[in-house]
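Structural description and commentary
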Amino acid sequence: MPMQQCPVTDVTQIAGFYAQMTGVLAGFAFTAMVVLLSPVQVDERAEMGRKDEPVLAALFAAFIALVVATLNYSLLAGEPADASQRAHSMRLIDGVPFGMAAVMLFQGITLLLIAGRMGRLLVRIGRAFTVVIGPALAYYYLVNGTSDIATLRAADGSGVCEPQAAALLGQILNAVLMAVLAASTVRRLQPPRGRDLARRLSDMPAVVVLATTVIAAVASGYVGSRPPEFLLPTAMVNLYLIAVFAVLLFVGLTIALSERDQPADSPIIVAAAPGRTARWRRHAQRWPLPRR
């Protein structure tokens, strides 16, 4: 049954807008990495003894995921009108790199807020978006995509095209994901062994996001090579929802449990840093102020 006769989303139209948005976000992530890797920033971090590898890792993972998402959505936008079933199957897979990239972007922004010694309120808001809101929203949109697949599958079986609900398994897992990640942000509920393990695995979220992005790109390419009437089976959709749930849960828990105490946000500490003090003294000797 043609897509226009079914109450499903026109994914080929919205995929073009998604490609534009992911491309712009990829540019932002790339610009942030270039600024952090500039000679001035590198010298300043060396003088202050500060390392920003977690920030760069988060931004790099977000940049790669956004580039892949832009490519996937561009290919999806070019799907023919008679391949609506295959297009909806690709849409479900292409949402993974986008969701992972959003989580890594929030993580990079949060780490920059901490490095910049911003207020604790801003850091907590950024942490909430990174650990709870970002993964929950990404999974929510993925689960909503299963309703269109169920609608198309019901139309093929009965010839009657009626809207179908999203997968019940996905709705349950989304509620569990939000509850567990929200609880992980409460300091008193974090087990000490879990914090120690998460700090040892603090570099893994970026690696997991990169690996998941590559797997999703390969899976999307495989689905794109299938016949136009190809539709993901119900068992494969459920397996996909479980796998994405596990990845988002691991990334969220690792970030939440590996959080360390925020440094004091007093500007006096920044001004009194030994590296900066020495550098300002050299500038003062080179360009002394005029005496009255």
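Residues numbered from 1 in each chain as written. Predicted model: local features only at pLDDT ≥ 70, side-chain atom pairs only at ≥ 80, totals over all residues. Heavy atoms only, no water.

Looking at the overall build of the protein chain
- What the protein chain contains, in helices and strands, is 11 helices and 0 strands.
- In the protein chain, buried positions account for 42% of the 292 residues.
- Contacts in the protein chain between residues at least 24 apart in sequence constitute 82% of all its contacts with a sequence separation of at least 6.
- Of the roughly 15,700 Å² of accessible surface on the protein chain, a fraction of 67% belongs to carbon and sulfur atoms. (Helix = DSSP H or I, 4+ residues; strand = E, 2+ residues; numbered from the N terminus. Buried < 20%, exposed > 50% of the residue type's maximum accessible area, 1.4 Å probe, protein only. Contact = heavy atoms within 4.5 Å. Areas by Shrake-Rupley, 256 points an atom, 1.4 Å probe, with all protein chains shown as cover.)

Some thoughts on helix 7 (residues 192-200)
- Of all the residues in helix 7, the buried ones are G194, R195 and A198. All buried residues of helix 7 project into a common sector of 100 degrees when viewed along the axis, lining one side. Relative to its buried face, helix 7 has exposed residues pointing more than 90 degrees away, namely P192, R193 and R200. (Arc of directions from axis to C-beta.)

Here we look at a nonpolar patch on the surface
- The grouping of L121, I125, F129, I133, L137, Y140 and Y141 at the surface amounts to a nonpolar patch, some 680 Å² of accessible area in total.
- Along the chain, I125 turns up in helix 5 (residues 120-158).
- A relative accessible area of 41% places I125 in the partly exposed class. (Patch = residues over 30% accessible without salt bridge, like charges linked within 9 Å, V, L, I, M, F, W, Y side chains within 5 Å. Salt bridge = Lys/Arg side-chain N within 4 Å of Asp/Glu carboxyl O.)

Examining the packing of helix 3 (residues 53-77) against helix 4 (residues 84-115)
- Two elements in contact, helix 3 and helix 4, have axes whose closest approach is 8 Å; the angle formed by their N-to-C orientations is 155 degrees. When the interaxial angle is binned, helix 3 and helix 4 end up roughly antiparallel. Remark: the crossing between helix 3 and helix 4 carries left-handed chirality.
- Of the residues belonging to the contact of helix 3 with helix 4, the class tally is 20 nonpolar, 4 polar and 2 charged. (Axes fitted to C-alpha atoms, helices over the stretch in contact; angles between N-to-C directions. Parallel < 35°, antiparallel > 145°, perpendicular 65-115°, else oblique. Left-handed = near helix turned anticlockwise from the far one by under 90°. Nonpolar A, V, L, I, M, F, W, Y, C, P; charged D, E, K, R; others polar.)

A short note on the nonpolar core
- Counting residues in each nonpolar core, the largest one holds 62 residues, and the members touching the most others are M104 and Y139.
- Every element with two or more residues in this core is listed here: helix 1 (11-36), helix 3, helix 4, helix 5, helix 6 (168-184), helix 8 (204-224) and helix 9 (234-257).
- Here this core gets 12 residues from one element, more than from any other, and that element is helix 4.
- The contacts of M104, once residues within four sequence positions are left out, are A58, A61, A62, P205, A206, V209, V251 and I255. (Core = buried A, V, L, I, M, F, W, Y, C linked by side-chain atoms within 4.5 Å.)

Quick notes on the packing of aromatic side chains
- Applying the stated criterion across every chain yields a total of 7 aromatic pairs.
- Judged by centre distance (5.0 Å) and plane angle (45 degrees), the ring pair of Y18 and Y73 falls under tilted. Here Y18, found in helix 1, pairs with Y73, found in helix 3; they are 55 residues apart in sequence, far enough to count as distant.
- Through a chain of ring-to-ring contacts, three or more aromatic side chains come together here, namely Y18, Y73 and F98. (Phe/Tyr/Trp six-rings, centres within 6.5 Å; stacked < 30°, edge-to-face > 60°.)

Some remarks on the environment of N144
- Here N144 lies in helix 5.
- Overall, the relative accessible area of 28% leaves N144 in the partly exposed class.
- Considering only alpha carbons, one finds N144 and G170, 26 residues apart in sequence, at a separation of 8.7 Å.

Digging into the pattern of salt bridges
- Overall, the coordinates contain 3 salt bridges when judged by the stated rule.
- With a closest N to O distance of 2.7 Å, D148 and R91 form a salt bridge. Remark: R91 occurs in helix 4 and D148 occurs in helix 5; sequence separation between them is 57 residues.

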